[in-house]
Amino acid sequence: MKGRWQHWAPALNVGRPERWRAALGAGLGILLTGLLSHALGAPALIAPMGASAVLLFALPASPLAQPWNMLLGNLVSACVGVASASLLGHAGPGVAPAAAMAGALAAMFALRCLHPPGGAIALTAALQGAGPGFVLVPVGLESLLLLAVAVAYNNATRHPYPHRPPAPAADHGTRDLPPRERLGFTREDLDAVLRQQDQVLDVDPDDLAELLHQTEQRAFRRLQGEVRCGDIMSRDVVTLDFGTPLQEAWDTLRQHRIHALPVLDRGRRVVGIVTLTDFLHHAGLDGPASLGERVRTLLRPSGRSHSLHPEVAGQIMTHPVRTAPASLHVGELVPLLSDRNFHHLPIVDERQRLVGMVTQSDLVAALYHMRATATP
C-alpha cells in the first residue's frame, strides 16, 4: 500500500525550513502584488498569479520560473487569449478557450518562454471575452510586481534568482574536456540522452549535470571510506603576514620551493594568498624589459612613505580566498582542484583559523593510496 501511495504521491526531498520559506514567500508575493496593484488602480488579482507564485517561490531554480518565462509567457498567453476571444468568441461553446490554450502553448514553445500559468491566463482571457487592455492590466502589471517581489525575497533568503547555473570549469582556451568529464559522462552525453527522451524536464541541464557529478562523489565516499582533508593536508604550513615585505615573501617561495603562501591576520585567519602568479601579474608582463628585470623592479622598495608601488605581501595577495574545512571529504576536493583551477586550498577549523594546506599533489597521492588499498 505504501508503495502505491509513493507512486501516486512522490516524495519531495525538501526540508521543513524550505517549505516554510516558499510558503511565506508566496503569501508575501501575492499580498504585496495585490496591495500595489490596487494602489495603482488596477482591478482585483487574477487567479493565475497564484500558480506563478508557486513556481517563483517554491521552484526558483526551475527553467519554467525564470523572469523571461514568467513575464513573456504570461504576456504572450494573454495576447493569444484575447485574440481567440475576439476571433472565435461566437464560433461555439469551447472553441475560443481551446484555441487559446493550444495557441498559447505553441507560442510559448516557439519563444522559449514556457510558463504553465500562461495556459490559465489564456483560458481566462478567452472565457471572459477580455479586450486588449487585459494584456497590460492586470496581466503585465501583476506579473511585473510579483516578479519584483520574487527577486527580492529569493535573494534575501539565499536562493539566487534569476537562477544561475553552477560555475563552469576553468577554461584554459583549449579543446580539452574538463578533468571530471574525461573519464565520466560528458555534457554531450547528457544532451544526447535528453534529446532521446524528447520531453520537457523541469530542471536546467547544467543543474542536472552538477547533480549527477555530486551523486558520483557521494558514491565515491561510500565506496572509498571517510578520508578527509584533515587526513591528507600539510600541517606545517609556511605563511605570511599582511605586512611581510615582498622580497621576504619572494625569498620564502624560493627557499621552500612552493608556489603559494597563505596570508594570515593576528588570529591566524586566512585573509589572502600570495602565489607566483601574483608576483608575475604585478611585475607586468608587457613591455621590453625582461621578466627578471620586471620582478627585480617589483621587489625593490620605493623608499617613499606614500607610493602606489606595492611593497608588502598584502598589496599583491589574491583575496577573498577559497578555503575548505578539515572535515571535507577528499572526493569533494576533486572538482575544486581540477575544474575550478585551484592548485592550493587552505584548510581551516571551525573558527576559520588555518590548520593546513592541501595541494593537487596531496589529492593525487591520496586517491592513488585509496585505490591501491581498496578491497577488490
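Right above here is the structure, for reference.
A short tour of the structure in this document, coming up. (Residues numbered from 1 in each chain as written. Predicted model: local features only at pLDDT ≥ 70, side-chain atom pairs only at ≥ 80, totals over all residues. Heavy atoms only, no water.)

### A closer look at the sheet that holds strand 2 (residues 260-264)
Within a sheet, adjacent strands bond to each other through the backbone by hydrogen bonds, running parallel or antiparallel. Using the following cut-off: DSSP-based pairing: two strands are paired if at least 2 bridges between them are found. Helical segments are the DSSP runs of H or I of at least four residues, strand segments are the runs of E of at least two, and each set is numbered from the N terminus.
On the basis of which strands lie adjacent, the open sheet formed by 3 strands has the order 1-2-3 and mixed pairing. Both outer strands of the open sheet, strand 1 (240-241) and strand 3 (270-275), are each paired with one neighbouring strand and no more. With 2 bridges joining them, strand 1 and strand 2 adopt parallel strand pairing. The partner of aspartate 241 across the bridge, within strand 2, is leucine 264.

### Observations regarding the nonpolar core
How we decide: Nonpolar core, defined: a set of buried Ala, Val, Leu, Ile, Met, Phe, Trp, Tyr and Cys residues in which side-chain atoms within 4.5 Å join the residues together. When accessible area is computed with a 1.4 Å probe and restricted to protein chains, residues below 20% of their type maximum are described as buried, those above 50% as exposed, and intermediate ones as partly exposed.
One finds Leu56, Phe57, Ile121, Phe134 and Leu146 to be the most contacted residues of the largest nonpolar core, which totals 23 residues. Listed by contribution, the elements that provide at least two residues to this core are helix 3 (48-58), helix 4 (67-88), helix 6 (117-128) and helix 7 (133-156).

### Some details on the pattern of salt bridges
As a working rule, side chains carrying opposite charge can pair if their charged atoms are close by. Note the following rule: Counted as salt bridges are all cases of a side-chain nitrogen of Lys or Arg within 4 Å of a carboxyl oxygen of Asp or Glu.
Enumeration according to the criterion identifies 3 salt bridges in this entry. The residue arginine 269 makes a salt bridge to aspartate 265 at a minimum N-O spacing of 3.3 Å. Under the relative-accessibility criterion, arginine 269 is labelled partly exposed at 39%.

### A short note on the packing of aromatic side chains
Filter applied, for reference: Under the pairing criterion, centres of Phe, Tyr and Trp rings, with the six-membered ring standing for Trp, must be within 6.5 Å; the plane angle then separates stacked pairs below 30 degrees from edge-to-face pairs above 60, leaving the rest tilted.
With the rule as written, the count across this model stands at 2 aromatic pairs. Ring centres of phenylalanine 57 and tyrosine 153 lie 5.8 Å apart, and the angle between their planes is 65°; this geometry places the pair in the edge-to-face category. You can see phenylalanine 57 sitting in helix 3 and its partner tyrosine 153 sitting in helix 7, a full 96 residues away along the chain. Look at phenylalanine 57 and you get buried, because its relative accessible area is 0%. Ring centres of tryptophan 250 and phenylalanine 279 lie 5.1 Å apart, and the angle between their planes is 70°; this geometry places the pair in the edge-to-face category. Taken together, the residues tryptophan 250 in helix 11 (residues 246-256) and phenylalanine 279 in helix 12 (residues 276-283) connect sequence positions 29 residues apart.

### Some words on the side chain of aspartate 362
Counted only if it meets this: We define a polar contact as two N or O atoms separated by no more than 3.5 Å, with the added condition that, inside protein, one atom must be a possible hydrogen donor and the other a possible acceptor, whereas residues neighbouring each other in sequence contribute only through side-chain atom pairs. It only takes one pair of heavy atoms within 4.5 Å for two residues to be counted as in contact.
Its location among the elements puts aspartate 362 in helix 15 (residues 360-372). From its side chain, aspartate 362 meets the backbone nitrogen of threonine 359 in a polar contact 2.9 Å long. Residue contacts for aspartate 362: discarding those within four places in its chain leaves Ile232, Ser234 and Met357.

### Re the sheet that holds strand 4 (residues 324-325)
The 3 strands lie next to each other as 4-5-6, forming an open sheet whose pairing is mixed. Pairing within the sheet leaves two strands with one partner each, and these edge strands are strand 4 and strand 6 (354-359). As judged from the 5 bridges shared by strand 5 (residues 344-348) and strand 6, these two strands associate in the antiparallel manner. Its bridge partner lying in strand 6, proline 346 is registered against methionine 357.

### Description of the side chain of serine 62
Within the secondary structure layout, serine 62 lies in the loop between helix 3 and helix 4. Take serine 62: its relative accessible area is 4%, and that puts it in the buried class. Among the polar contacts made by the side chain of serine 62, one reaches the main-chain amide nitrogen of leucine 64 at a distance of 3.1 Å.

### Describing the pairing of strand 3
Within strand 3, 5 of the 6 residues are buried, which leaves it mostly tucked inside the rest of the structure. Taking the residues that link successive antiparallel strands as the turn, the strand 2-strand 3 hairpin has 5 residues, and the phi of arginine 268 there is positive, at about 65°.

### Concerning the pairing of strand 6
Within strand 6, 5 of the 6 residues are buried, which leaves it mostly tucked inside the rest of the structure. Between strand 5 and strand 6, which pair antiparallel and follow one another directly, the connecting turn spans 5 residues, one of which, glutamine 352, has a positive phi of 65°.

### Considering unusual backbone geometry
The omega torsion of the bond from tyrosine 161 to proline 162 falls at 0°, within 30 degrees of zero and hence cis. Along the chain, the position of proline 162 falls in the loop between helix 7 and helix 8 (187-197). Cis peptide bonds are those with omega within 30 degrees of zero, and the linkage from histidine 319 to proline 320 qualifies with -5°. Along the polypeptide, proline 320 turns up in the loop between helix 13 (291-299) and strand 4. With a phi angle near 65°, glutamine 352 is a residue other than glycine that sits in the positive phi range.

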